[in-house]
4 protein chains.
Amino acid sequence: MRRPVRVGILGATGTVGQRFVKMLDHHPEFEVTALAASDRSKAQCYAEACTWRLPGEIPEYARDLVVLPLKPPLECEVVFSSLPGPFARAVEMEFARAGYPVISNSSAFRMEPDVPLLVPEVNPGHLRILQAQREKGRFGAGCLVANPNCSAVILTLALAPLHQRFGLEAVAATTIQAVSGAGYPGVASLDILDNVLPYIAGEEEKIEQETRKILGRAAGSEIELGGMKVSAQCHRASVSDGHLVAARVSFSKRARIDDVREAFESFRGVPQELRLHSAPERPIIFRDEPDRPQPRLDRDAGGGMSVTVGRLAPDTVFDYRFVALGHNTIRGAAGAALLNAELANAQGVLHARESATSKH
Amino acid sequence: MRRPVRVGILGATGTVGQRFVKMLDHHPEFEVTALAASDRSKAQCYAEACTWRLPGEIPEYARDLVVLPLKPPLECEVVFSSLPGPFARAVEMEFARAGYPVISNSSAFRMEPDVPLLVPEVNPGHLRILQAQREKGRFGAGCLVANPNCSAVILTLALAPLHQRFGLEAVAATTIQAVSGAGYPGVASLDILDNVLPYIAGEEEKIEQETRKILGRAAGSEIELGGMKVSAQCHRASVSDGHLVAARVSFSKRARIDDVREAFESFRGVPQELRLHSAPERPIIFRDEPDRPQPRLDRDAGGGMSVTVGRLAPDTVFDYRFVALGHNTIRGAAGAALLNAELANAQGVLHARESATSKH
Amino acid sequence: MRRPVRVGILGATGTVGQRFVKMLDHHPEFEVTALAASDRSKAQCYAEACTWRLPGEIPEYARDLVVLPLKPPLECEVVFSSLPGPFARAVEMEFARAGYPVISNSSAFRMEPDVPLLVPEVNPGHLRILQAQREKGRFGAGCLVANPNCSAVILTLALAPLHQRFGLEAVAATTIQAVSGAGYPGVASLDILDNVLPYIAGEEEKIEQETRKILGRAAGSEIELGGMKVSAQCHRASVSDGHLVAARVSFSKRARIDDVREAFESFRGVPQELRLHSAPERPIIFRDEPDRPQPRLDRDAGGGMSVTVGRLAPDTVFDYRFVALGHNTIRGAAGAALLNAELANAQGVLHARESATSKH
Amino acid sequence: MRRPVRVGILGATGTVGQRFVKMLDHHPEFEVTALAASDRSKAQCYAEACTWRLPGEIPEYARDLVVLPLKPPLECEVVFSSLPGPFARAVEMEFARAGYPVISNSSAFRMEPDVPLLVPEVNPGHLRILQAQREKGRFGAGCLVANPNCSAVILTLALAPLHQRFGLEAVAATTIQAVSGAGYPGVASLDILDNVLPYIAGEEEKIEQETRKILGRAAGSEIELGGMKVSAQCHRASVSDGHLVAARVSFSKRARIDDVREAFESFRGVPQELRLHSAPERPIIFRDEPDRPQPRLDRDAGGGMSVTVGRLAPDTVFDYRFVALGHNTIRGAAGAALLNAELANAQGVLHARESATSKH
């Protein structure tokens, strides 16, 4: 049994940071040895610094860890980042240049051509452009792997088996998203009670662009965007966790509905083959009941790491339509980053600092 | 000043029935003289028979009206029906055959080719097939005018100005609907709290079919469906009133975004020309703010009779996308029927019984 | 017809400020001539400076008023203040000393013995200590009238008729309060969705103290607290507007339940006698239905200015129990202040600056 | 290791029935061998007969069990009943008379003097009146043990340590209850969205009476009610699971706040001593944070079997006040009955039929 990799969490007190803290409790490969957050004017332990908002208690291991400023060095080998977008760019770059592999949940570098935008079941091969990234040296001795926007993870997981078999030409995705996606305090209760918001800043663009990158291919040192057309309309509803995506899709090949259904049901990926710790047994759970998936009933499927698909039907404008649902702060954020780290670790590309160090 | 038309309400104690009772209070053309509902084992006045669920009190005029069984004759000249679908068919037919013009909010006869499926700003000309309907005699000495499904009203109001100018080829509509659309008790709180339901029985089919009928044309004695493709995906969210429709549209003619915007803003119809009592000044209210329309802020626009449109943008798969919102139990139900009756009254085709009688 | 009094609103862009703007539209006695808010780094008109969150549009009169800094002088004779507590103290004092009568909704001066804590139906006589306040000169040429905490207004309105007739000895009030009470952004949606919060900072103390002051008596130059015992437990629930107070009460005199009921029903006050513009016809609406009052159905009773009382029953520990409900941002805030101003105006004590000036 | 007791569930498809099915999955003492529900016109397996509304899937063991009518005999030794009140009386009596020990969650027999109304940490000694119950023979060869109303369980767990140490004289309990307490479909979403209901039929009476019985004492063949005064006011809020009780208490002995706190924290009962399978380690979790307990964060404490207490403070009318919260369908219903069965099993009084049989 290998010694666990020591990891740090940047943004540990936020909504996604708390998910990291929880999901890393008793993790077989990773041990949290550093927590960092902004505005650390004075040293505080995590239990004091953090207003814990998840059901259950703060994991024991984290309670007494002192929350540090967002500055390298931290006492760890790898960092997970759940920093908010604008802020993330400088901090993540600083950690990468200080030699840390950065597993990022932020949007800062997602669309850069030499950054893998990874969903391990969908595009595990994209990880190989890390080598080009390192050669360019922009991220110093470290490196950076990004996971997509929460809705894009859920959407691309549902699209992957269809794209592989039938060739995706066009997708129109309409989302109904949970308030936890906006972090804390995030959405004001006065804005969402008895209401729906038809706007999430930047979200439609992110889904449209990121989907094409995730479904694109690693060509040399860059990711080439997929050629499919992607349209997104995004809404926020009064749901705590669980993003729902109503999707319509057209294919380049003819597909019978039974084949589409079978594609969803049989879908497995590299994380399942490698039996990665956070990989759900079934990345997609297909349901036949007419009223599923639902956030409350399906968001925790596969420990929050499965996407549930239902309501598959022929469409009058596109070829087919269906509804996909996933847990936005698990599969769409902390769990996404964690599975990325597990894949990178399994493929031996996570220990950037050591290899960097060994060069010298 | 003309004597008011005496009207009856079938299903007066239900969610939509209560809206009828409220909207008909102090109406200049109609006077409610009869209330009827199912399960009237014993005579009760409306204040006793009805658990009033709208804010404010039961209108004075209705409190002491005795609620009668759903059987003709009723002491009135016209009936409004808000009966649930399966049940409505026999009762509405019975009233029509007894000589009453029936202004129906139910789904029973909506798709029959000789029944006008009316949205007065959109297809007022469809009212003329009433003559063919009467000649056929299926509805006896009475007649029947239907209003569409609540979502279809809101969608077609938003589509009408675009179809008139640019020729609608395809529309993909994704709805997020309010719980009041399911009547009372309707949706169980356990099903919708912290949840979204991706299924409303029959709704997607209704929207797909009714939209094509409303946007079709009166050809001889029947309505011919429009040729556009219509796709609908429907969801229920934790909202009391107000259906939101995220729409994507493609046109046969080229349209610049300013022209689309202008089409929405300048749209007026026959009800506005005739200054019908329930007609809003502007059937469509176009908003530029990035986060509108919202159910809580916009459902009551124009007294609940306006549809608010926003988030207009070019689409990557279709030509344009936008979001429309309307009050489902006002513009989508009771107000829809009422405006239909006002149009029929203004055009002199409401007094079926008298004209039938006068023939003899 | 008198010339309207020109008024300014301090904190005009906030939740309560917006209610002021709306309630003062077309007011017969007051004309809004100045709007002020914090953080006015550059001049903006109200329509730009304010994210309007009430249903319906910004009143026409307010759209183009420039929002000014919170500094006297303002072009008006009286100011309404809805500033947040800590901040309010200095600003309100500054305006008072500059000669403005300040009608305050903030908590800054509520418990000071020479400040009338006014609910016009309950303790209109407290207004007379304004004279002592002026003589002391602490507020300069101006003066200050406060309205109570939102829950205390609702509670004391319900208690007043009982205290008048039966002598209140003890009250235990348990509140279930709306999120609008916390202003905007206020309560985070993640904190209240599928949840109840058993804590509102400072609220229990405010209710316990303010209730005794409101039900106390004007003795010389000060208000003497009432002798009753008051206990409060406060909760926040997923409701937009409408505070509910479950109350248990004991009296010094014996009271039959019919007398208690009658006391509620017959209660009228000075605002009703004087027919003040914002006074509801009935300050208390008593309901016999077993499931009333409810926030959604009863908060708008009397234009949001009536308190609805129901569920009256004998109690096993106290004499009686009942439930009271009122609109927290209307009767509990903006409407409370407005009615205070109307009473002060009717009694000729509102025009402090002029009278101050005329002395010199 | 003993052979597991074979149990049946009456009302297996309802809200509480589903909790039974889930909590009995992999139970070390009980094995579910029979499921029964009303309206079983045709034989269906549980997976078909039941619309599963809990997160996660139906436990494997239950999927293929045929749901039987509510008639003895069933293939089991003991029955759990979660039938609705009026209906429960006849069915439970029929099963008892057929020789089954009935572990009842219904209200049918709760207040009968010879029926133990059991909360195992609070009044385990009440179980001994089962012997008197059997001698009277009213329940035939079987017997009946009831658990209290969901709110009464939570309240009495919090009161028990105080009553033991300080002697409870009076309690005023104001509840804010979850919608799952009303079963399914239960509360209509239109009634609770953006609303609070101040009424739950029969609930206030149940809490007032049951609390006194639970805190009473077994005297001969009957339970004698406790002498304390109990007042209850009940409300329903927009919460899925978790009943909150705001309590005020007065004692016969003087109590310092530290002693009250310590009484909560140190409280343990017979289930903890016996290490019963469903017994939480701590029946009461005391929290110091000012904003706890909250339904969303605390309902699942101790697997839903702990009651969380917070906001302890001196009260101006009573001695102290505090807030208690528990999971209403676990600790307040299915878990309550299950812990009762575990206690009865541990004390050897569960196998009524055998002992009855052995007499003959």
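A quick note: this is a predicted structure, and the numbers were derived from the prediction, not measured.

### Details of the overall build of chain A
Then, number 1: Within chain A one finds 13 helices and 15 strands.
Then, number 2: The globule rule puts the C-alpha radius of gyration for 360 residues at 21 Å, and the 20 Å found for chain A is close to it.
Then, number 3: Per-residue burial over chain A gives 59% buried out of 360 residues.
Then, number 4: Long-range pairs, those at least 24 residues apart, make up 74% of the contacts in chain A between residues at least 6 apart in sequence.

### Let's talk about the interface of chain A and chain C
A common way to state how big an interface is: give the accessible area lost once the parts meet.
Then, number 1: On the chain C side, the residues contacting the 15 residues of chain A number 15 residues.
Then, number 2: Grouping the constituent residues of the side of chain A that touches chain C by class yields eight nonpolar, five polar and two charged.

### Brief notes about the relation of the copies chain A and chain C
Then, number 1: Least-squares fitting of chain A to chain C yields an RMSD of 0.0 Å, with the superposition described by an axial translation of 0.1 Å and a rotation of 180°. On the angle and the small slide along the axis, the relation comes out as a two-fold axis. Rotation axis and chain A: the residue whose C-alpha lies nearest the axis is A:Ser189, separated from it by 2.0 Å.
Then, number 2: Taken together, the interface assignments show that 100% of the residues at the interface of chain A recur at the interface of chain C, consistent with an identical surface on both copies.

### Looking at the relation of the copies chain B and chain A
Then, number 1: Least-squares fitting of chain B to chain A yields an RMSD of 0.0 Å, with the transformation described by 0.0 Å of translation along the axis and a rotation of 180°.
Then, number 2: In this assembly the copies share their binding face: 97% of the residues contributing to the interface of chain B also contribute to that of chain A.

### Structural notes on the interface of chain B and chain A
Then, number 1: Each side of the interface is counted separately: chain B has 37 residues, and chain A has 36 residues.
Then, number 2: Residue assignment for the side of chain B that touches chain A shows that the elements contributing at least two residues are strand S8 (168–177), strand S11 (229–236), strand S12 (243–251), helix H11 (295–298), strand S14 (307–314) and strand S15 (320–326) of chain B.
Then, number 3: At five residues, S11(B) tops the list of elements feeding residues into the side of chain B that touches chain A.
Then, number 4: When its residues are assigned to classes, the side of chain B that touches chain A shows 18 nonpolar, ten polar and nine charged.

### A short note on the domain arrangement of chain A
All names here are of chain A.
Then, number 1: Examined at the domain level, chain A breaks down into domain 1 (5–148 + 335–359) and domain 2 (150–327).
Then, number 2: Here domain 1 and domain 2 have C-alpha centroids that lie 24 Å from each other.
Then, number 3: The interface of domain 1 with domain 2 comprises 32 residues on the first partner and 28 residues on the second.
Then, number 4: Per element, the largest residue contribution to the side of domain 1 that touches domain 2 is seven residues, and it comes from helix H12 (residues 330–346).
Then, number 5: Each residue belonging to the side of domain 1 that touches domain 2 can be placed in one class, and the counts come to 16 nonpolar, nine polar and seven charged.

### Some words on the sheet that holds strand S8 (residues 168–177) of chain A
All names here are of chain A.
Then, number 1: Taken in spatial order, the six strands line up as S11-S8-S12-S15-S14-S13 in an open sheet, and their pairing is mixed. Looking at which strands have only one partner, the edges of the open sheet turn out to be strand S11 (229–236) and strand S13 (284–286). Averaged over all pairs of adjacent strands, the angle between their axes in this sheet comes to 20°, without regard to strand direction.
Then, number 2: Looking at chain direction, S8 and strand S12 (residues 243–251) are connected through eight bridges and run antiparallel. When the bridges of S12 are listed, Ala172 appears paired with Arg248.

### Thoughts on helix H12 (residues 330–346) of chain C
Residue and element names in this part refer to chain C.
Then, number 1: The terminal C-alpha atoms of H12 lie 21 Å apart, and with 17 residues this falls more than 12% below the ideal 24 Å at 1.5 Å per residue.
Then, number 2: By the criterion of burial, H12 is predominantly enclosed, with 16 of the 17 residues buried.
Then, number 3: Backbone geometry just after H12 places Gly348 at a positive phi near 70°.

### A short note on the environment of B:Arg53
Then, number 1: Its place among the elements puts B:Arg53 in the loop between helix H2 (46–49) and helix H3 (60–63).
Then, number 2: Distance from B:Arg53 to B:Glu281, taken between C-alpha atoms, is 28 Å for residues 228 residues apart in sequence.
Then, number 3: When neighbours within four sequence positions are excluded, B:Arg53 is seen to be in contact with B:Gln18, B:Tyr184 and D:Leu190.

### Quick notes on helix H4 (residues 85–97) of chain D
Residue and element names in this part refer to chain D.
Then, number 1: For H4, built from 13 residues, the straight-helix expectation of 18 Å at 1.5 Å per residue is met to within 8% by its first-to-last C-alpha distance of 19 Å.
Then, number 2: Looking only at H4, the buried set comprises Ala88, Val91, Glu92, Phe95 and Ala96.
Then, number 3: Packing partners of the buried residues in H4 comprise strand S1 (5–10), strand S5 (78–81), strand S6 (101–104) and strand S7 (143–146).

### Remarks on the environment of B:Gly181
Residue and element names in this part refer to chain B.
Then, number 1: Of note, Gly181 is situated in the loop between S8 and helix H7 (189–192).
Then, number 2: Once the C-alpha coordinates of Gly181 and Gly332 are considered, the two residues, 151 residues apart in sequence, prove to be 9.0 Å apart.
Then, number 3: Excluding its chain neighbours within four sequence positions, the residues that come into contact with Gly181 are Cys150, His243 and Asn328.

### Observations regarding the sheet that holds strand S2 (residues 30–36) of chain B
Residues and elements named next belong to chain B.
Then, number 1: If you walk across this open sheet you meet the seven strands as S3-S4-S2-S1-S5-S6-S7, and the pairing is mixed. Sheet topology places strand S3 (44–45) and strand S7 (143–146) at the edges, where each strand pairs with a single neighbour.
Then, number 2: Direction of pairing for strand S1 (residues 5–10) relative to strand S5 (residues 78–81): parallel, over a ladder of four bridges. Bridge pairing in S5 links Gly8 to Val79.

### Focus on the nonpolar core
Then, number 1: Judged by nonpolar contacts, the single largest core of 471 residues is most densely connected at A:Ala324, B:Ala324, C:Ala324 and D:Ala324.
Then, number 2: When sequence neighbours within four positions are dropped, the list of residues in contact with C:Ala324 reads C:Ile154, C:Leu155, C:Ala158, C:Val245, C:Ala247, C:Val307 and C:Val309.

### Some remarks on unusual backbone geometry
Peptide bonds are, in most cases, trans, and in most cases residues other than glycine have a negative phi.
Then, number 1: Omega for the peptide link from A:Pro72 to A:Pro73 comes to 0°, which places this bond in the cis form.
Then, number 2: With respect to the helices and strands, the residue A:Pro73 is situated in the loop between strand S4 (66–68) and strand S5 (78–81).
Then, number 3: Note the cis peptide between C:Tyr184 and C:Pro185, where omega equals 0°.
Then, number 4: As for its placement among the helices and strands, C:Pro185 is situated in the loop between strand S8 (168–177) and helix H7 (189–192).
Then, number 5: Positive phi, normally seen in glycine, also occurs at A:Arg275, with a value near 50°.
Then, number 6: Here A:Arg275 shows up in the loop between helix H10 (270–273) and S13.
Then, number 7: For B:Asp194, which is not glycine, the phi dihedral falls at a positive 55°.
Then, number 8: Among the structural elements, B:Asp194 can be located in the loop between H7 and helix H8 (203–214).

### A few points about the packing of helix H6 (residues 150–166) of chain A against H12(A)
Helix-helix packing is characterised by the crossing angle of the two axes and by the distance between the axes.
Residue and element names in this part refer to chain A.
Then, number 1: It is at 8 Å that the axes of H6 and H12 come closest, and there the two elements cross at 95°. It follows that H6 is roughly perpendicular to H12 by the angle criterion. Of H12, the residues touching H6 (which contributes Cys150, Val153 and Ile154) are Arg331, Gly332, Ala333 and Ala336.
Then, number 2: Residue classes in the contact of H6 with H12 are distributed as five nonpolar, one polar and one charged.

### A closer look at the packing of helix H6 (residues 150–166) of chain C against helix H9 (residues 257–266) of chain C
All names here are of chain C.
Then, number 1: Packing of H6 against H9 brings their axes to within 9 Å, and their N-to-C directions diverge by 125°. Here H9 runs oblique to H6, going by the angle between their axes. The two elements H6 and H9 cross, and the hand of that crossing is right-handed. Within the contact between the two elements, H6 uses Pro161, Leu162 and Arg165 and H9 uses Val260, Ala263 and Phe264.
Then, number 2: Looking at the contact of H6 with H9 residue by residue, the classes come out as five nonpolar, no polar and one charged.

### What to know about the environment of C:Glu169
Residues and elements named next belong to chain C.
Then, number 1: Here Glu169 is to be found in strand S8.
Then, number 2: Judged by the 17 C-beta atoms lying within 10 Å of it, Glu169 is partly exposed.
Then, number 3: For the pair Glu169 and Lys253, spaced 84 residues apart in sequence, the C-alpha separation works out to 9.3 Å.
Then, number 4: Not counting residues up to four positions away in its chain, the partners in contact with Glu169 are Met228, Ser250, Phe251 and Ser252.

Parameters at a glance
- Residues numbered from 1 in each chain as written.
- Chains lettered and ligands numbered in written order.
- Predicted model: local features only at pLDDT ≥ 70, side-chain atom pairs only at ≥ 80, totals over all residues.
- Helix = DSSP H or I, 4+ residues; strand = E, 2+ residues; numbered from the N terminus.
- Rg over C-alpha atoms; globule rule 2.2 N^0.38 Å.
- Buried ≥ 20, exposed ≤ 12 C-beta atoms within 10 Å, placed from the backbone.
- Contact = placed C-beta atoms within 7 Å.
- Nonpolar A, V, L, I, M, F, W, Y, C, P; charged D, E, K, R; others polar.
- Least-squares fit on C-alpha atoms with pLDDT ≥ 70 in both.
- Domains from an automatic or database assignment.
- Pairing = 2+ DSSP bridges.
- Axes fitted to C-alpha atoms, helices over the stretch in contact; angles between N-to-C directions.
- Expected span 1.5 Å × (residues − 1).
- Core = buried A, V, L, I, M, F, W, Y, C linked by C-beta atoms within 7 Å.
- Parallel < 35°, antiparallel > 145°, perpendicular 65-115°, else oblique.
- Left-handed = near helix turned anticlockwise from the far one by under 90°.

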